[in-house]
Amino acid sequence: MKRPILAWFMTGVFCLGTGVPSATLCAANREDERIVRLYQRLAPATVLLSATYEPARAAPDSVTTGVGAGFMVESTGTLLTNAHVVEGAKTVTATLFDGTHLPVEVLAIDSDQDIAIARLPADHVYPSVVIGDSDALQVGQQTLVVGSPFGLGFTLSSGLISGLGPPAAAHGPLPPHIIQTSAPINPGNSGGPIVNVQGQVIGIATATLMGAQGIGFAIPINIAKQVLAEFSKRGKLARPWLGISGKFPTDELTALLAIPLAGGLLIEEVDDNSPAALGGLKAGTIRATIEGVQWVLGGDVLMAIDGQPTRDPAAFRRAVKLLTPDEFVQLEVLREGTRMQLIVLLRERPAGSLRPKPVPHQAAVVAPAIGGLGMRAVPHLGF
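The shown structure was predicted, so the numbers you read here are calculated from the model rather than taken from an experiment.

## Re the overall build of the protein
Here is step 1 of the chain: A tally of helices and strands in the protein yields seven helices and 27 strands.
Here is step 2 of the chain: For the protein, with 383 residues in total, the buried portion stands at 49%.
Here is step 3 of the chain: Across the protein, the fraction of contacts at a sequence separation of at least 24, relative to all contacts at a separation of at least 6, is 62%.
Here is step 4 of the chain: As presented, the protein carries roughly 18,000 Å² of accessible surface, and 57% of it is formed by carbon and sulfur atoms.

Here it is as structure tokens:
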């Protein structure tokens, strides 16, 4: 007795719509459909962010722009992104999936964790993501990234969790709980969601390993959940504020100037009326471009905070992490070749006091995945 034709399709001998006798092809088609549905659900909850930046002491042609991404965690328009996408921005604009442009209000910034909380106008109901659990991640899990690489629009890339924690070769200031992924993360992806196959956000795209392919980094979403919980409870993030920003001297700068700049943060900016200004810290006054990098020279070099060396970005972040607002700290600085000790009272960072945007360093090992103008720069740090 002949079996009905429909039975052949039901047993998977033929793949519906193709006429190809391959169960493997059927499975591949189902996988494609699942990924397409995930993108259709995630993209409307993702926003493309465009920011303009202007240094505190503006110079001609000093305004720069950058692009990144963010994702909505509440239907009221609350969104998460990277701190380095919006920090120091004069204006931030969000582009929604339907092409609508809306202003973005930055609510809170946690520079140490590279997380920012912002919101869109409250007169809309926005699609939002589903938050997952990053503590349960394992190497080998599939991941998807939604963002705006190079500002090209809403895109999707996929890969695997390739590691948990920073690689031994990374010299940049990566946190110990960073997620490594093989999903392509390009300039402009910063702040976008990284999700698992269930469509749950398990991380925030933040950086790439320069000079390598298929190695990107994400901040675990559970860290962002802690930041969100603190903000929801207190209405703010209490972070210590000194009011400085600057860069760590490169080998090219040290060799060219032949002066002892290495071993600390070269202070380029001191915020007006900040603890740093009141404590006597000196900002740079001489603008120069060396090997394609813009510098402000002549300022103090911060060598240590309360005895903790600040010789490189990682050490600087470790020292700052130990600080709290409303405490006195001892700063060791190098000024015109002379070491000095200064006592400064830290304050809580005011809502309107934002450091200059860290921008990618094309020669660095680890670079933020944020798109911006300019061919080469080193990241700003400060607090």
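Having seen the structure, we can now continue with the description.
## Topic: unusual backbone geometry
Here is step 1 of the chain: Of note, the phi angle at Asn 273 is positive, near 60°, even though the residue is not glycine.
Here is step 2 of the chain: Take Asn 273: it is sitting in the loop between β17 (265-270) and α6 (275-278).
Here is step 3 of the chain: A positive phi is found at Glu 336, a non-glycine position, where the angle reads about 55°.
Here is step 4 of the chain: For Glu 336, the location among the structural elements is in the loop between β22 (328-335) and β23 (338-345).

## Brief notes about the pairing of strand β2 (residues 64-72)
Here is step 1 of the chain: Relative to β2, strand β1 (residues 46-53) is paired through eight bridges, and the arrangement is antiparallel. Directly across from Ser 50, in β2, lies its bridge partner Val 67.
Here is step 2 of the chain: Here β2 runs beside strand β3 (residues 78-81); their pairing, made up of two bridges, is antiparallel. Bridged to Phe 71 within β3 is Leu 80.
Here is step 3 of the chain: Connecting the antiparallel pair β2 and β3 is a turn made up of five residues, with Gly 77 showing a positive phi of about 110°.

## Comments concerning the nonpolar core
Here is step 1 of the chain: Residues Phe 71, Leu 80, Ile 115, Val 129, Ile 204 and Ile 221 are the most contacted members of the largest nonpolar core, which totals 27 residues.
Here is step 2 of the chain: Going through the elements one at a time, α2 (23-42), β7 (115-119), β9 (142-147), β13 (200-209), β14 (216-220) and α4 (221-234) are the ones with two or more residues in this core.
Here is step 3 of the chain: Looking at this core, the element that brings in the most residues is α4, giving six residues.
Here is step 4 of the chain: Grouped together as the second largest cluster of nonpolar side chains are 23 residues, Leu 242, Ile 267, Ala 319 and Leu 381 included.

## Some words on helix α7 (residues 313-321)
Here is step 1 of the chain: For α7, every residue scored as buried is listed here: Ala 315, Phe 316, Ala 319 and Val 320. Along the long axis of α7, the arc covered by the buried residues comes to 135°, so they all point the same way. Away from the buried face of α7 by more than 90 degrees, exposed residues Arg 318 and Lys 321 are located.
Here is step 2 of the chain: Those residues of α7 hidden inside the fold are in contact with β15 (240-241), β17, β20 (301-305), β21 (308-309) and β27 (381-382).
Here is step 3 of the chain: Put simply, Asp 312 is the residue that caps the front of α7, since its side-chain oxygen is 2.7 Å from the backbone nitrogen of Ala 315.

## Notes on the pairing of β17
A regular strand carries its side chains on alternate faces of the sheet.
Here is step 1 of the chain: By the criterion of burial, β17 is predominantly enclosed, with six of the six residues buried.
Here is step 2 of the chain: Inspection of the sheet shows strand β16 (residues 244-247) paired to β17 by four bridges, in the antiparallel sense. Looking across to β17, one finds that Ile 244 is bridged to Val 270.
Here is step 3 of the chain: Alignment of β17 against β20, held across two bridges, turns out to be antiparallel. Looking across to β20, one finds that Leu 266 is bridged to Val 301.

Conventions adopted
Residues numbered from 1 in each chain as written. Predicted model: local features only at pLDDT ≥ 70, side-chain atom pairs only at ≥ 80, totals over all residues. Heavy atoms only, no water. Helix = DSSP H or I, 4+ residues; strand = E, 2+ residues; numbered from the N terminus. Buried < 20%, exposed > 50% of the residue type's maximum accessible area, 1.4 Å probe, protein only. Contact = heavy atoms within 4.5 Å. Areas by Shrake-Rupley, 256 points an atom, 1.4 Å probe, with all protein chains shown as cover. Pairing = 2+ DSSP bridges. Core = buried A, V, L, I, M, F, W, Y, C linked by side-chain atoms within 4.5 Å. Arc of directions from axis to C-beta. Polar contact = N/O pair within 3.5 Å; in protein donor to acceptor, adjacent residues only side chain to side chain.

Geometry only, nothing functional implied.
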